[in-house]
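Structure at a glance
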Amino acid sequence: MHFVQRLSKFDRDYILISPNTLKEVIMNVIHKVEKWGDGHHPRVLDIIRIVLGIFLILKGIAFMENTAGLKSIIESQSDIFLPIGVLLTVVYYVTFVHLVGGTLIALGILTRLSSLLQIPVVFAAVFFVNVLQSPVNTELWASFTCLVLLFVFMILGSGRLSLDNYLKNQDN
């Protein structure tokens, strides 16, 4: 499979881009975003990252203590029809991702991956659960803020006050 790229805006000639070249371009962009994120990371964001991680851990503990409550929240959504096996898988996935992902985000290790795994869960919480509740919903604002911060840390990464940075400096 090859991808086509135009040589210039005014030229009608096209060149073929191989999948390996496309992969290199994507990896180059990801590397540039990581490098930019590592260089533009104020220390206050480290504190916010740690607080976000602790918040996610506490939500995971709350879901673990009240699995039936989380199950009923998901079941109460009229737009979502899930078989019981899939529903329980979702409940355990949400709890696991909040506990483990929150811990990794708070410690600052694998922050981008942890944020990426958290985003679908928090996105569903914002747009499928909290939006359908009453207009004065404090959970909506907490979930929305959490979603925005997850996107921020998915781009910026861990920062200086993190286990990632500590381990990287140990290697040097």
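A brief structural summary. (Residues numbered from 1 in each chain as written. Predicted model: local features only at pLDDT ≥ 70, side-chain atom pairs only at ≥ 80, totals over all residues. Heavy atoms only, no water.)

**Thoughts on the nonpolar core**
Side chains that are nonpolar tend, in soluble globular proteins, to be buried together. Grouped together as the largest cluster of nonpolar side chains are 12 residues: L45, L52, L56, I105, I119, V122, V126, C146, L147, L150, F153 and L156. Those elements that provide at least two residues to this core are α2 (43-65), α5 (111-130) and α6 (138-156). Examining the composition of this core, we find that 5 residues originate from one element, α6, more than from any other. For L45, the contacting residues outside a window of four places in its chain are F153 and L156. In terms of nonpolar packing, the next biggest core, distinct from the first, is built from 5 residues, F63, L70, V91 and V94 among them. (Core = buried A, V, L, I, M, F, W, Y, C linked by side-chain atoms within 4.5 Å. Buried < 20%, exposed > 50% of the residue type's maximum accessible area, 1.4 Å probe, protein only. Helix = DSSP H or I, 4+ residues; strand = E, 2+ residues; numbered from the N terminus. Contact = heavy atoms within 4.5 Å.)

**Topic: the side chain of T95**
Locating T95 in the fold gives a position in helix α4 (residues 84-107). Polar contacts involving the side chain of T95 include one to the main-chain carbonyl oxygen of V91, which spans 3.0 Å. Ignoring sequence-local partners within four residues, the contact set of T95 consists of G60, F63, M64 and L70. (Polar contact = N/O pair within 3.5 Å; in protein donor to acceptor, adjacent residues only side chain to side chain.)

**A look at the environment of K35**
Considering the arrangement of structural elements, one finds K35 in helix α1 (residues 19-39). Judged by relative accessible area, which is 62%, K35 ranks as exposed. Put simply, K35 and I155 are 120 residues apart on the chain and 10.0 Å apart in space, counted from C-alpha to C-alpha.

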